[in-house]
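Notes for the structure review
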Amino acid sequence: MDLLLLIFSILVSYLFFKIWKLIDSKKDKDCYILDYQCHKPSDDRMVSTHFSGEIIHRNKNLGLEEYKFLLKAIVSSGIGEQTYAPRLVFEGREERPTLQDGISEMEEFYVDTIGKLLERQQISPQEVDILVVNVSMLTSMPSLPSRIINHYKMREDIKVFNLTGMGCSASLISVDIVKNIFKSYPNKLALIATSESLSPNWYSGNNRSMILANCLFRSGGAAILLTNKRSLRKKAMFKLKCMVRTHHGAREESYNCCIQSEDKQGRVGFYLGKNLPKAATRALVDNLKVIAPKILPLTELLRFMLKLFIKKIKMRQNPSKGSTNLPPGTPIKAGIDFKTGIEHFCIHTGGKAVIDGIQHSLDLTDYDIEPARMTLYRFGNTSASSLWYVLAYMEAKKRLNRGDRVFMISFGAGFKCNSCVWEVLRDLTTGESKENVWNHCINDYPPKSISNPFTKMYGWLQDEDPDTFKIPETFKIPDEYM
């Protein structure tokens with residue numbers, strides 16, 4: 001009898017041990033953001049209204065119709081006068097870029113951000129186990145990750161991933177890669193470097209769908225330090241709760257709406273099609289269908305299902321009321337309250353239309369989208385790194401409190417919509433990030449007005465006759481816009 005009791009006790013103890021081991025092992029698979037650093041280029045790369053006029057004026061491929069189009073695009077872009085461009089534009093060489101221009105632009109970014117990040121966390125480059133770099137439109141030999149490893153003298157056994165062509169959604173793809181690695185390898189430290197090289201991709205032709213990219217995209221970048229080490233959990237800022245990736249590459253309309261290509265004269269540029277809003281809306285809807293059940297409370301899901309059920313009954317009774325007759329590409333309201341499960345919305349700054357569309361679809365307030373609007377105004381569309389500037393704005397404004405959830409939404413060529421939710425692990429309201437890119441100016445935001453001075457400066461172009469229009473050789477941009 002005593003022997004049976006002993007055997008039973010051993011079996012029960014073993015069972016409890018295995019259960020504890022299973023629960024304990026899952027803790028090593030969590031993905032935490034330890035810290036992050038956004039890149040603020042030097043002020044000599046700042047694009048003012050005056051300098052924007054100079055760039056447009058020296059492009060001899062443009063005529064009056066292109067001037068009018070650019071005037072309308074810039075005024076409605078939501079971008080201000082303190083964004084940054086690559087150095088070759090200031091040197092007047094945008095039509096003759098070199099490979100070194102792109103490499104130098106990236107070196108300036110990663111030396112600044114990675115250096116500050118590692119120094120602030122007192123982490124040696126030798127301690128980094130995983131390196132993920134995403135720069136969509138620059139490929140070099142050796143690769144950019146190899147250049148980072150060489151600069152910081154990282155370990156020989158570091159795991160390296162180099163992503164190209166992923167577009168503005170590449171940041172969250174990089175996070176997803178790290179998250180999946182963490183599931184198999186405990187006690188690791190990962191570094192993500194996300195940016196875009198504009199130097200070799202500045203368009204100098206007159207194709208409207210391609211020159212639009214010059215109005216939106218600006219220089220920037222971010223470095224993010226992630227870990228699954230339990231010993232560092234108390235130092236971590238955020239914990240990844242869930243992620244959903246949606247890819248509509250199989251749909252021809254979505255695939256071709258934004259693509260790198262050549263115009264009729266052979267000039268390389270980034271084409272942004274008129275069907276882009278429609279493709280973005282479709283991708284967002286499909287993404288929200290998957291992530292909503294993961295992040296919203298059951299009560300809200302039941303309320304939405306009941307509302308949908310009642311709506312379908314009414315449509316059957318009176319089909320004419322079910323037709324909306326909305327123009328193609330019009331954002332559709334989600335009909336579900338995401339704020340029941342989310343406190344902050346970190347939206348990709350793809351442009352004013354993108355931000356307005358998400359605000360309408362998710363029924364968000366101006367306060368909810370303020371971080372995205374101000375990031376677009378101050379830094380422009382910095383491609384995949386834009387999400388981290390939006391997050392930095394929230395931190396600088398001391399909005400992030402322990403337990404809050406941050407919903408990140410990004411779009412990218414392909415066409416992709418990626419989203420994820422982060423949980424804030426500690427109060428980020430003490431202004432601890434001394435090198436936050438917003439710290440020097442956060443008290444000035446939001447400004448009373450974000451109107452663009454281009455209308456006042458170049459509004460006279462709207463009254464010009466295409467048959468007689470000619471820019472006077474003596475034309476000079478007024479000094480008041482310098």
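For the structure itself, look to the data block above.
Below, the structure is looked at part by part. (Residues numbered from 1 in each chain as written. Predicted model: local features only at pLDDT ≥ 70, side-chain atom pairs only at ≥ 80, totals over all residues. Heavy atoms only, no water.)

1. Digging into the overall build of the protein chain
Each helix and strand in the protein chain was counted, giving 15 helices and 13 strands. Within the protein chain, the fraction of its 482 residues that count as buried is 51%. Within the protein chain, contacts between residues at least 6 apart in sequence are counted, and of these 81% link residues at least 24 apart. A total of about 23600 Å² of accessible surface is found on the protein chain, and carbon and sulfur atoms cover 56% of it. (Helix = DSSP H or I, 4+ residues; strand = E, 2+ residues; numbered from the N terminus. Buried < 20%, exposed > 50% of the residue type's maximum accessible area, 1.4 Å probe, protein only. Contact = heavy atoms within 4.5 Å. Areas by Shrake-Rupley, 256 points an atom, 1.4 Å probe, with all protein chains shown as cover.)

2. Topic: the nonpolar core
Core analysis: the biggest nonpolar cluster contains 49 residues, and Leu226, Phe238, Trp388, Leu391, Trp422 and Trp438 have the highest contact counts within it. In terms of residue count, the dominant contributor to this core is helix H14 (residues 386–396) (nine residues). Grouped together as the second largest cluster of nonpolar side chains are 41 residues, Ile79, Leu284, Phe338 and Ile355 included. (Core = buried A, V, L, I, M, F, W, Y, C linked by side-chain atoms within 4.5 Å.)

3. Regarding a nonpolar patch on the surface
A cluster of nonpolar side chains, Leu306, Phe309, Ile310 and Ile313, forms an exposed patch at the surface whose accessible area comes to about 370 Å². Note that Ile313 resides in helix H11 (residues 298–317). (Patch = residues over 30% accessible without salt bridge, like charges linked within 9 Å, V, L, I, M, F, W, Y side chains within 5 Å. Salt bridge = Lys/Arg side-chain N within 4 Å of Asp/Glu carboxyl O.)

4. Some thoughts on the pairing of strand E6 (residues 189–195)
The element E6 is extensively covered by neighbouring structure, given that seven of its seven residues are classed as buried. The side-chain alternation of E6 yields two buried faces, one formed by Leu189, Leu191, Ala193 and Ser195 and the other by Ala190, Ile192 and Thr194. Pairing geometry for E6 and strand E7 (residues 221–227), over seven bridges, is antiparallel. The partner of Leu189 across the bridge, within E7, is Thr227. (Pairing = 2+ DSSP bridges.)

5. Overview of helix H13 (residues 366–379)
For H13, which comprises 14 residues, the first-to-last C-alpha distance of 19 Å matches the rise-based estimate of 20 Å (1.5 Å per residue) to within 8%. Most of H13 is tucked away, with eleven of its 14 residues classed as buried. Elements that come into contact with the buried residues of H13 comprise strand E2 (46–47), strand E3 (83–84), strand E11 (344–347), helix H12 (352–362) and H14. With its phi angle positive at about 75°, Gly380 sits one or two positions after the end of H13. (Expected span 1.5 Å × (residues − 1).)

6. Overview of the packing of aromatic side chains
According to the stated counting rule, one finds twelve aromatic pairs in the structure shown. Look at Phe338 and Phe407: their rings are 6.0 Å apart centre to centre, the planes differ by 15°, and that puts the pair in the stacked class. In this pair, Phe338 is assigned in the loop between H11 and E11 and Phe407 in strand E12 (residues 405–412), connecting sequence segments 69 residues apart. Across the pair, Phe407 and Phe338 agree in class, each one buried. Plain terms: the ring middles of Phe379 and Tyr389 are 4.7 Å apart, the flat faces sit at 45° to each other, and that makes the pair tilted. Placement of Phe379 in helix H13 and of Tyr389 in helix H14 is noted, with a sequence separation of ten residues between them. The ring of Phe379 carries Arg378 above its face, with NZ or CZ at 4.5 Å from the centroid. Against the face of Tyr367 rests Arg399, its NZ or CZ located 3.7 Å from the ring centre. (Phe/Tyr/Trp six-rings, centres within 6.5 Å; stacked < 30°, edge-to-face > 60°. Lys NZ or Arg CZ within 6 Å of the ring centre and 35° of its normal.)

No statement about biological role is implied by the geometric values presented.
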